[in-house]
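# Chains, contacts and geometry: an overview
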Amino acid sequence: MRQYFARKLAIYLVTFFVAVTIDWMIPRFMPGDPVQGMVSRMSLEPEAANRMMGFFLGAFGLDKPIWEQYLNFWVALAHGDLGISVWQFPTPVLNIILSAVPYTLALLIPAILLSWVAGNQFGAWVARRKRLDNTVLPVGYILTATPYMWLGILIAWGLGSVLRVLPLSGAFNYSMSPTLTWEFFLSVYTHWLMPFLSLFLVMFGGWAIGMRNMIIYELESDYAHWLEALGAPQSLVRRYAFRNAVLPQVTGLALSLGVVVAGALVTEVVFSYPGLGYLVLQAIQNEDYFLLQGIFLFVIIGVLVANFLIDIAYVVVDPRTRVGMQGRA
Amino acid sequence: MSLQVNDLRVYYRTLAGDVRALDGVTFSIAEGEIMGLAGESGCGKSTLGKALTHFDSRMRYVGGDVVLDDEPLPIMDSDAMDEFRFWSVSIIPQYAMSAMNPTRKIGKMIADLLESRGEDAAAMRPEIERRIELVGLQRDVLDRYPIELSGGMKQRVVMVIATLLNPSLLIADEITSALDVSTQKAVAETLIEFRDRQLVRTMIVITHDMSILAQVADTITVMYAGKLAEKAATDVIIGAPKHPYTRLLISSLPEVGVRYADKRLTGIPGNPPQLLDPPLGCRFQARCPLADAQCREEPPFVEVEPAHFVACWKVS
Amino acid sequence: MSITTQRPAPAPGDHGEAALPAPATAPDGATGPGVAPMRPRREVLYFALRDKRILFGAAVVLFFLILSIVGPVLDPTDPTAFDGPTGAPPSAEFWFGTTTFGEDVFAQFVNGLQATFLVGLLGGGLAALVGISIGFVAGYRGGIVDEFLSMITNIVLVIPTLVVLVVIAAFLSARGVVVEAAFVGLTSWPWAARAIRSQTFSLRAREFVDLANMSGLPTWKVIFREIAPNMGSYLFMTFILLFGGAVLIAATLDFIGLGPTEGISLGLMMNNAVLWSALQLGMWWWFIPPGLGITAIVGALYVMNVGLDEIFNPKLREM
C-alpha cells in the first residue's frame, strides 16, 4: 500500500514540477517578446512604459542567466510570492487569488460531488429498463454534449432574464455588505444557484451515461450471469453490478477534473461570478500575466490534491487494490 | 427416473435466422447417474446445459419438455424456473474462473446469495465451512477475494457454492478445461465424491475431454450438430461404440490418455453442417463413410441394446 | 469502457475507456453453434444502416457539415461586417437576426460552423494520431517503453490542459484555427492513449490464446480477421469522441476570448453575446444558434458512438 501511494505521489510531484516549469517557460520562450508586447499594449506614456518595462525585466529576472531565473522562480514560489498584479496594482497576486478561490470551490465541490452521486444513481436506474433508456438517455447525451457556457447562458437567460426569478450576475447583491444575516445568506444562495445548476447539469448527464454503460457491461459479466443461473433476484445482481460499476466512475472522476475546472471557469464568466474563472478573464483582458500564471499554479495544485484524494478513496472502495498491495494475491 | 428430457428444441436467434442448436433431444438420466456429454464445440452441448438452467438472451425455447423428479421443469418461463434454480437445478458454469463477484469476499457473496433465496446464511455457515474443507480448501478462503485464489481453488469454491442446497441435478460445464492436469484429476474426483455423499443426485458433465469422462461418468452421451448420436455406459462408448461418428471420434483420439475430442477431427473429412439450415435426414451423412440414400431420412434415436441408444440407420 | 468501458463522453466522463468497447469475448458458444459466420464488415453495415441512433447522428452531422459549406455561398455576407440594422430579430432578410453592431448572425453561424468542423477534424485527428501511436507502442512493446510512455500519459492526463492552453494562448498575439487545433490535439490525447494501450494489451493476450486454441490458422490471418477489425472499430470510435472533445475545448477557449484572432467561431459568438449583454437585452438569436450548433454536432457524435458501440459489441444489443 505504501508503495502504491509512493508511486502515485511521485507521479504527482513530477507533474507539479513539469507544470511549474511550463509556467515558468511560457513567458520566456514564447515567440516574440511578450514583455515588450505586453507593455506596448498597455499604451502608457513613454516614461511610464520604460518604468513598466524595467519593472517586468526585474520581476521576471530576465537580465540574469537562465538557470538563475529558474531557481529564483522556485524560491519565490516557495515563499508564496507569485508576483504583483498589474490589473489591481499593487496587490500581490496571491491575495487576489486567495479571495477568489472560495467562490470557485463553493461552485465546484458541491457540483462535482452531487452530480457524481446523482448521475450514478440515475444512470444505474435507467440501465436496461427499455422505456427509460430510450426516452431519458438522449437527454443525458444532449446535456453532456452541451458546452458549459452555453447551458449557463440558457439558464441565465431563462431564469434570470426572461422569468427574472434569480439574479443574473455576481456572488451576492453588491448593495449589501457581507454580514452574518439571513438576508445576506439568501442573497449568496440565490446568486450561487444558477452557476451551480449549469455545472451540475452538464456533469450529471456525463455521469448518468457513463454509469448506464458500465452497468450494462456489468450485467453482462460472468458473475452476473451465474447469479442469475442460481436464481438470485435482480435486486442482488444489480446491487453487485452497481458496486462494481462505481469503481471506474471513481477513476473517471479524477480524469474529468481538468475538464470540469475549465467548465467552472467559463461558467463563472457567464455569471460574472467572482471566482478564478472570472479572474482569468480579467487577467486576459488586462494583460495581467502574473495573475494568469498564479491562477494556473493554483489550479494545478488543486487538481493534483484532488487526484490524490480520489486515489485514497479508490483504495477504500476497491478491495482488490488493498489485497494486491499486501502482496497476497 | 430422475431427469427426463423429451424432444427438446432450443434455437438461437441470429441475424440470418434461427440456429438450431438443440433440435429434438430426448434422453433420461437415472437417479445417481453421472452422465457425460461429449461432442465437438458448437454441437449444442453447452446449449443443453444452459437450456436446463438459465437461457441466455439469444436463446429461444421452441418445443419439448423436461421432467425432473416427476415434476415438470418450466424451462421456458424464466420466472417460474427461479423456484427450481439452486434448490433443484444448479450449474457450474464454463466460466468458473470469473463466476464470482471480484469485489466481494467469497463468504459474504455466498451469504448474500443464500439470503436472497430466503435461506438462513448464518445457520448454514458451519455446513459451508465443512464443504470447503471437503474439497480440500482452508475455511479461510471464505474471507478472501476471488483474485486471491488459484484457478483450481476457484473451481472448487464454485463447485461448493453450486451444490450448497443439494440440487437434484447439477450441470458441470467444462469444469476442467481451465485447469492443469493434476488439478483436473482432483476436481473430477470431487465430482464423484459429491455424488457419493448424495450432495448432488444426478449430474451432466459437459466436456471436450474424454479422459475426464472415462474417469467420472457412468454413461456418455455423444452429440452431433444439435442432435444426440449415441448414449451408452461409459465403457461401451469407449470400448464398443456403434454410431459411425462416435467410432471415428473415439478412434481419432490417442490410445492412451484419451483427450480432447474437441480438436478438429483430422480423421473425419469435412465440417459439421450449418445449423442455420441443416440438411434433411441424418446430420452426419455428408461426412459418414457408411451413408447412403436411406440416410436422407432422419434416423430415430432408438435403444439397440439395453441402455444403449443410437441414432443411425446402419446400426441395429 | 467498457471500457469500458466503456468512458463515456469527454465531459465529466472524460474517461473514454468505458464508452469504448470492451475486448469482445471469444464467441465460442455465444455466437450460437455452427452459425454461418456473416462477413464481419457486411454485418456491421447491415446493423449500421438499421440503427436509428447511427442514422440520426450521421444525418445531424451531415446536415451541419453541408450547411457550413453551402451557407457562406447562400449568404455571402461578411460575418464581421457592421452593415446591417443593429440588434434586429430574425427576419426574411436576416435569417438569424443581427448583433448589436449589425453583424449578420446567420453568416457568423455558418462560418463559425466551418471553424468548428476544422478544429474537430484537425484537433481530433491529431489527438487520435498521438494517442493511438503512444497507446499502441506502449501496449505492444511493454517494459520500459511502456513505463516511460505511461508516465508521460499520466502527467498530461493529470494536468488540467485547458488551463495550460489558456495561458499559452494568452501569450500568443496572433492565433489561427490551425494553431488552436494543434494545441487542442496535442493536449487531449491521454485518455485515448490509455484506452488504446489496455486494448492492445488484451488483444496481445487474446491473440496468444487464440493461436493456442486454433488449429493451424496462420498468424497473419488471425491478426487480419480477428484483431484488425476489432481494433479498427475501436480506433474509429476513439476518433469520434476526440472530435467531439476538441470541438468543446476549442469552444471554451474561444469563449474566453483566446480563440483565433482572425475570423469568427461559435465560441466567439457566445463570448460576444455575453460581453455585449445579449442576455439582458433578450437577444436570444445571438447566443442560441452557436451553442445549439455545437451541442447538436457533439451530441450527434456521441449518440452515433453508442450505436456503433453496440454494433461492434454484440453483447450490448438488446434482443
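These numbers were taken from a predicted model, which means no experiment stands behind them.

### Digging into the overall build of chain A
- For chain A, the helix and strand inventory stands at 14 helices and 0 strands.
- Taken from the N to the C terminus, the helices and strands of chain A come in the order α-α-α-α-α-α-α-α-α-α-α-α-α-α.
- Summarising its shape, the C-alpha atoms of chain A cover approximately 85 × 60 × 40 Å along the three principal directions.
- For chain A, with 329 residues in total, the buried portion stands at 55%.
- Considering only intrachain contacts with a sequence separation of at least 6, the fraction spanning at least 24 residues in chain A is 72%.
- Split by element, the accessible area of chain A, about 14500 Å² in all, is 68% carbon and sulfur.

### Notes on the overall build of chain C
- Summing up its helical and strand segments, chain C has 11 helices and 0 strands in all.
- Going from the N terminus to the C terminus, chain C shows its helices and strands as α-α-α-α-α-α-α-α-α-α-α.
- In chain C, buried positions account for 58% of the 319 residues.
- Accessible surface, chain C as shown: approximately 12900 Å² in total, 69% of it carbon and sulfur.

### Section: the packing of aromatic side chains
- For the structure shown, the criterion picks out 27 aromatic pairs over all chains.
- With a centroid separation of 5.5 Å and an interplanar angle of 50°, the aromatic rings of Phe96(C) and Phe109(C) are classed as tilted. With Phe96(C) in the loop between helix H2 (52-74) and helix H3 (105-141) and Phe109(C) in helix H3, this residue pair connects regions lying 13 residues apart in the sequence.
- Classification of Phe96(C) by relative accessible area gives partly exposed; the value is 25%.
- Ring centres of Phe239(C) and Phe243(C) lie 6.0 Å apart, and the angle between their planes is 75°; this geometry places the pair in the edge-to-face category. On the criterion of helical spacing, the pair formed by Phe239(C) and Phe243(C) is a turn pair, its members being 4 residues apart in helix H8 (residues 219-255).
- Among the aromatic residues, those joined into a cluster by ring pairs are Phe122(A), Trp125(A), Tyr189(A), Trp192(A), Phe196(A), Phe200(A) and Phe204(A).

### Describing a nonpolar patch on the surface
Residues and elements named next belong to chain C.
- Together, Leu62, Leu65, Ile66, Ile69, Val70, Leu74 and Trp95 make up a nonpolar patch on the protein surface, roughly 660 Å² of accessible area in all.
- Structurally, the position occupied by Val70 is in helix H2.
- The class of Val70 is partly exposed, set by a relative accessible area of 37%.

### Things to note about the nonpolar core
- Within the largest apolar cluster, 276 residues are counted, with the highest numbers of intra-cluster contacts made by Trp226(A), Leu3(B), Phe27(B) and Ile204(B).
- For this core, the element with the most residues is helix H11 (residues 234-271) of chain A, which contributes 21 residues.
- Look past the residues within four positions of Trp226(A) in its chain and what remains in contact with it is Ile91(B), Pro93(B), Tyr95(B), Ala99(B), Met100(B), Met109(B), Val158(B), Ile161(B) and Ala162(B).

### A short note on the pairing of strand S7 (residues 169-173) of chain B
Residue and element names in this part refer to chain B.
- Counting buried residues in S7 gives 5 out of 5 residues, a clear majority hidden from the surface.
- Along S7, one buried face is formed by Leu169, Ile171 and Asp173 and the opposite face, lined by Leu170 and Ala172, is buried too.
- Strand direction decides the pairing type here: strand S6 (residues 89-92) and S7, joined by 4 bridges, are parallel. Pairing of Ile92 across the sheet is with Ala172, part of S7.
- Across 5 bridges, the pairing between S7 and strand S8 (residues 202-206) is parallel. Bridge assignment links Leu170 to a residue of S8, and that residue is Met203.
- Crossover S7 to S8 through helix H6 (residues 181-196) is right-handed.

### Overview of the environment of Leu154(A)
All names here are of chain A.
- For Leu154, the location among the structural elements is in helix H8 (residues 148-162).
- Overall, the relative accessible area of 24% leaves Leu154 in the partly exposed class.
- In this structure the C-alpha to C-alpha distance between Leu154 and Ser198, which are 44 residues apart in sequence, comes to 8.9 Å.

### Overview of unusual backbone geometry
- Unlike most non-glycine residues, Arg164(A) shows phi in positive territory, near 55°.
- Along the polypeptide, Arg164(A) turns up in the loop between H8 and helix H9 (182-219).
- Accessibility expressed as a relative area gives 64% for Arg164(A), which makes it exposed.
- Phi at Glu174(B) is positive, roughly 50°, even though this residue is not glycine.
- Summarising the element assignment, Glu174(B) is placed in the loop between S7 and H6.
- The exposure class of Glu174(B) is buried, given its relative accessible area of 5%.

### A closer look at helix H5 (residues 151-162) of chain B
- An ideal rise of 1.5 Å per residue puts 16 Å on 12 residues; H5(B) measures up with 16 Å between its terminal C-alpha atoms.
- Of all 12 residues in H5(B), 10 are buried, a share of seventy percent or more.
- Packing partners of the buried residues in H5(B) comprise helix H10 (222-229) of chain A together with S6, helix H3 (106-116), helix H4 (121-134), S7 and H6 of chain B.

### Concerning the packing of H8(A) against H11(A)
Residue and element names in this part refer to chain A.
- Two elements in contact, H8 and H11, have axes separated by 8 Å at closest approach and are oriented at 35°. Where H8 crosses over H11, the handedness of that crossing is right-handed. Of the residues in H11, those touching H8 at Tyr148, Met149, Gly152, Ile153 and Ala156 are Val259, Val260, Gly263, Val266, Thr267, Val270 and Phe271.
- Split into classes, the residues belonging to the contact of H8 with H11 amount to 9 nonpolar, 3 polar and no charged.

### Remarks on the packing of helix H7 (residues 137-145) of chain A against H9(A)
All names here are of chain A.
- For the pair H7 and H9, the least separation of the axes is 7 Å and the interaxial angle reads 130°. By the angle class used here, H7 and H9 are oblique. H9 is crossed by H7, and the crossing has left-handed handedness. Along the contact surface, H7 presents Leu137, Gly140, Tyr141, Leu143 and Thr144, while H9 presents Leu201, Val202, Phe204, Gly205, Gly206, Ile209, Arg212 and Asn213.
- Looking at the contact of H7 with H9, its residues break down into 7 nonpolar, 5 polar and 1 charged.

### As for the sheet that holds strand S5 (residues 71-72) of chain B
Residues and elements named next belong to chain B.
- The 4 strands lie next to each other as S2-S1-S4-S5, forming an open sheet whose pairing is antiparallel. One side of each edge strand has no neighbouring strand; the edge strands of this open sheet are strand S2 (17-29) and S5.
- Note: strand S4 (residues 59-68) against S5, 2 bridges, orientation antiparallel. The partner of Leu68 across the bridge, within S5, is Glu71.
- Contacts from helix H1 (residues 45-53) reach strand S1 (3-14), S2 and S4, with the element oriented near 105° to S1.

### So, the interface of chain C and chain A
- On the side of chain A, 68 residues touch chain C, which itself brings 67 residues to the contact.
- Counting the surface lost from both chain C and chain A, the interface buries some 5600 Å², and carbon and sulfur atoms represent 78% of this.
- Between the two partners, chain C and chain A, sit 1 salt bridge.
- For Glu147(C), the salt bridge goes to Arg7(A), with nearest N and O atoms at 3.5 Å.
- If you look at where chain C meets chain A, you find 3 residue pairs in polar contact (both at pLDDT 80 or more).
- When contributions to the side of chain C that touches chain A are tallied by element, the ones reaching two or more residues are helix H4 (143-158), helix H5 (161-171), H8, helix H9 (266-275), helix H10 (278-281) and helix H11 (284-312) of chain C.
- It is H11(C) that contributes the most residues to the side of chain C that touches chain A, 14 residues altogether.
- Its residues assigned to classes, the side of chain C that touches chain A comprises 44 nonpolar, 14 polar and 9 charged.

### Considerations on helix H9 (residues 244-251) of chain B
- Those residues of H9(B) that sit buried are Pro244(B), Tyr245(B), Thr246(B), Leu249(B) and Ile250(B).
- On its buried side, H9(B) packs onto helix H7 (210-216), strand S9 (219-224), strand S10 (227-233) and helix H8 (234-239) of chain B.

### Here's the deal with the sheet that holds strand S11 (residues 302-305) of chain B
Residue and element names in this part refer to chain B.
- Ordered in space as S6-S7-S8-S3-S9-S10-S12-S11, the 8 strands form an open sheet in which the pairing is mixed. The open sheet is flanked by S6 and S11, the only strands paired with a single partner. Going from strand to strand, the sheet's axes swing by 25° on average, the running direction of each strand aside.
- As defined by bridge partners, S9 adjoins S10 across 6 bridges and the pair is classed as antiparallel. Residue pairing across strands places Ile220 opposite Ala232, the latter belonging to S10.
- Together, S6 and S7 form the strand contacts of H5, whose direction differs from that of S6 by roughly 175°.
- Packed on one face of the sheet, H6 meets strand S3 (34-38), S7 and S8 and runs near 165° to S8.

### Some words on the confidence of the model for chain A
Residue and element names in this part refer to chain A.
- Scored by pLDDT, chain A comes out at a mean of 84, with 91% of its residues at no less than 70.
- Here helix H2 (residues 34-41) stands out as the least confident element of chain A, with mean pLDDT 64; H10 is the most confident, with 94.
- Counting interchain partners and residues more than four positions distant, the pLDDT-below-50 stretch residues 325-329 has 9 contacts.

Here is what the cut-offs are and how they apply
- Residues numbered from 1 in each chain as written.
- Chains lettered and ligands numbered in written order.
- Predicted model: local features only at pLDDT ≥ 70, side-chain atom pairs only at ≥ 80, totals over all residues.
- Heavy atoms only, no water.
- Helix = DSSP H or I, 4+ residues; strand = E, 2+ residues; numbered from the N terminus.
- Buried < 20%, exposed > 50% of the residue type's maximum accessible area, 1.4 Å probe, protein only.
- Contact = heavy atoms within 4.5 Å.
- Areas by Shrake-Rupley, 256 points an atom, 1.4 Å probe, with all protein chains shown as cover.
- Phe/Tyr/Trp six-rings, centres within 6.5 Å; stacked < 30°, edge-to-face > 60°.
- Patch = residues over 30% accessible without salt bridge, like charges linked within 9 Å, V, L, I, M, F, W, Y side chains within 5 Å.
- Salt bridge = Lys/Arg side-chain N within 4 Å of Asp/Glu carboxyl O.
- Core = buried A, V, L, I, M, F, W, Y, C linked by side-chain atoms within 4.5 Å.
- Pairing = 2+ DSSP bridges.
- Right-handed = clockwise from strand over helix to strand, strands pointing away.
- Expected span 1.5 Å × (residues − 1).
- Axes fitted to C-alpha atoms, helices over the stretch in contact; angles between N-to-C directions.
- Left-handed = near helix turned anticlockwise from the far one by under 90°.
- Nonpolar A, V, L, I, M, F, W, Y, C, P; charged D, E, K, R; others polar.
- Parallel < 35°, antiparallel > 145°, perpendicular 65-115°, else oblique.
- Buried area = accessible area lost by both parts, 1.4 Å probe.
- Polar contact = N/O pair within 3.5 Å; in protein donor to acceptor, adjacent residues only side chain to side chain.
- pLDDT = per-residue confidence, 0-100.

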